[in-house]
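Here are the chains, one letter per residue:
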Amino acid sequence: MADKWDINVADRLLQLPPYFFGQLNRMKDEKFSTGVDIIDLGMGNPMEPAPKVVIDKLCEAANDLGKHRYSAPCGILSLRRELSQLYERLYNVTLDPDTEVIATIGSKEGFSHLCLAIMGPGDTAVVGDPYFPIHVHSVMLAGGNVINVEMGNDQAFLDRVKYVIEKTSPKPKVLILNYPHNPTAMTVDGVDFFEAVVDLAKQAGIYVIHDFAYWRTCFGDYKAPSFLQAKGAKDVGVEFVTLSKPYNMAGWRIGFCVGNKEMVRALGCIKGYYDYGIFEPIQIAATVAMQEGEPDIVQQNKLYEARRDIVVDGVRRLGWEIDCTRGTMFVWAKVSEAHLAGQGSIDFALRMMAEADVSIAPGRVFGENGEGCVRIALVENEQRLRQAIRNMDGALNKGIEAPTASKLKEKG
Ligand SMILES: Cc1ncc(COP(=O)(O)O)c(C=O)c1O
């Protein structure tokens, strides 16, 4: 059921599901106002600050009073050049900064506006389920339809996509992908998978949008491949990257859309109508992030990896099913039947907020296939993550004294 409105809003707003995190956040605020310490693992909102060198550059550039005017809607050339050079260094992919790169106000804005630019009534997008909600809602807001297929990261997933494309009339227009994936943290091994995607897209005559938000959030030896590394990828699609996650710049709102010239042009065209570009000092500081922020990325990933180990271990001790992830800032777990106690994941998450003072995201808000699962964001420090596991264990095993870390260890 959609949100209720007191004014006569457009139909496109009425089709959207109610915003679950609004309800969770209200509960959190109520508890917080009575002095309860909530451990918030609900959203992937990085806790650590942006690199100091980037903040210093922002301050310096903001003091240049010539840089306070409207900027370029597509991003200043030096910023787009820097991103091109980074793609060359990281992926050996050559991008023309003038035609194949556009800066966006975070990847969410870019993604939504690209959908608005290329999709409309009668157009269909194919999206894996579970999905990052924007991947579905942006298509709906653009007037398009969404067909979900069970999410995956292998040939079987591509076979499902192919089947749906063949069976749908009119033929779907866009395939939306996201690896490393939010919420499931699924990754793909190498470029082979994306080469199969390009083949499929060419055969089926559909466009590909790859949301590469977790391009740099990888652990151990794993390096997430870029879709654009696949031969012919630029013929069929684009990729979105963001500075929000790797450089802890979520509030700065800066990302990019790169790849297929015509798709980049379509996004640039619509952005020309909607916005005047990102505050220029932010663009200048973002350039420095890409030049000098590499050590900060390494350090941040180490933090996430250590947190992942704690949560994966803790969640296994709770008896939930979980795969150890090698990318993203999330852990995705299937809650045990005993702990779900006949509830859906939304009620379960609300219960964890009410009884364990822990905020987690219920899998159902990421699609039907997310039911029974929860997403835990690795945004709090190690001590608080351990506390969160203890709190949940205590709430789920009521009547039994909430176990200490050593008790949890004994149990494992
Ligand atoms: C898969 C995915 N895409 C896009 C975004 C939005 O990123 P940005 O801050 O660049 O808008 C997020 C943020 O959580 C995400 O997880």
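Residues numbered from 1 in each chain as written. Predicted model: local features only at pLDDT ≥ 70, side-chain atom pairs only at ≥ 80, totals over all residues. Heavy atoms only, no water.

## Considerations on the environment of Arg89
Note on placement: Arg89 falls in helix 4 (residues 77–91). Apart from residues no more than four positions distant in its own chain, Arg89 is found in contact with Glu82 and Met290. Within polar-contact distance, the side chain of Arg89 engages the backbone oxygen of Met290 at 3.4 Å. (Helix = DSSP H or I, 4+ residues; strand = E, 2+ residues; numbered from the N terminus. Contact = heavy atoms within 4.5 Å. Polar contact = N/O pair within 3.5 Å; in protein donor to acceptor, adjacent residues only side chain to side chain.)

## With respect to the packing of helix 14 (residues 345–356) against helix 15 (residues 382–396)
Two numbers describe how helix 14 lies on helix 15: the axes approach to 9 Å, and their chain directions differ by 100°. It follows from the interaxial angle that helix 14 and helix 15 lie roughly perpendicular. The residues of helix 15 that touch helix 14, namely those facing Phe348, Arg351, Met352, Glu355 and Ala356, are Asn391, Met392, Ala395 and Leu396. Of the residues that constitute the contact of helix 14 with helix 15, the class distribution is six nonpolar, one polar and two charged. (Axes fitted to C-alpha atoms, helices over the stretch in contact; angles between N-to-C directions. Parallel < 35°, antiparallel > 145°, perpendicular 65-115°, else oblique. Nonpolar A, V, L, I, M, F, W, Y, C, P; charged D, E, K, R; others polar.)

## Some remarks on unusual backbone geometry
Residue Pro130 follows Asp129 across a cis peptide bond; omega there is 10°. Within the fold, Pro130 resides in the loop between strand 3 (124–129) and helix 6 (133–141). A positive phi is found at Arg253, a non-glycine position, where the angle reads about 60°. Tracing the chain through its elements places Arg253 in the loop between strand 7 (237–242) and strand 8 (255–259).

## Here we look at the packing of aromatic side chains
Under the defined criterion, the tally for this structure stands at twelve aromatic pairs. For the ring pair Phe111 and Phe240, a centre distance of 5.8 Å and an interplane angle of 55° mean the geometry is tilted. One end of the pair, Phe111, is in helix 5 (residues 106–118); the other, Phe240, is in strand 7, with 129 residues separating them in the sequence. For Phe111, a relative accessible area of 2% puts it in the buried group. An aromatic cluster is defined as three or more aromatic residues linked by ring pairs; in this entry it consists of Tyr87, Tyr91, Phe212 and Trp215. The lysine or arginine in question, Arg216, covers the ring of Trp215, its NZ or CZ lying 5.9 Å from the ring centre. We note Arg326 situated over the ring of Tyr222; from NZ or CZ to the ring centre the distance is 4.0 Å. (Phe/Tyr/Trp six-rings, centres within 6.5 Å; stacked < 30°, edge-to-face > 60°. Buried < 20%, exposed > 50% of the residue type's maximum accessible area, 1.4 Å probe, protein only. Lys NZ or Arg CZ within 6 Å of the ring centre and 35° of its normal.)

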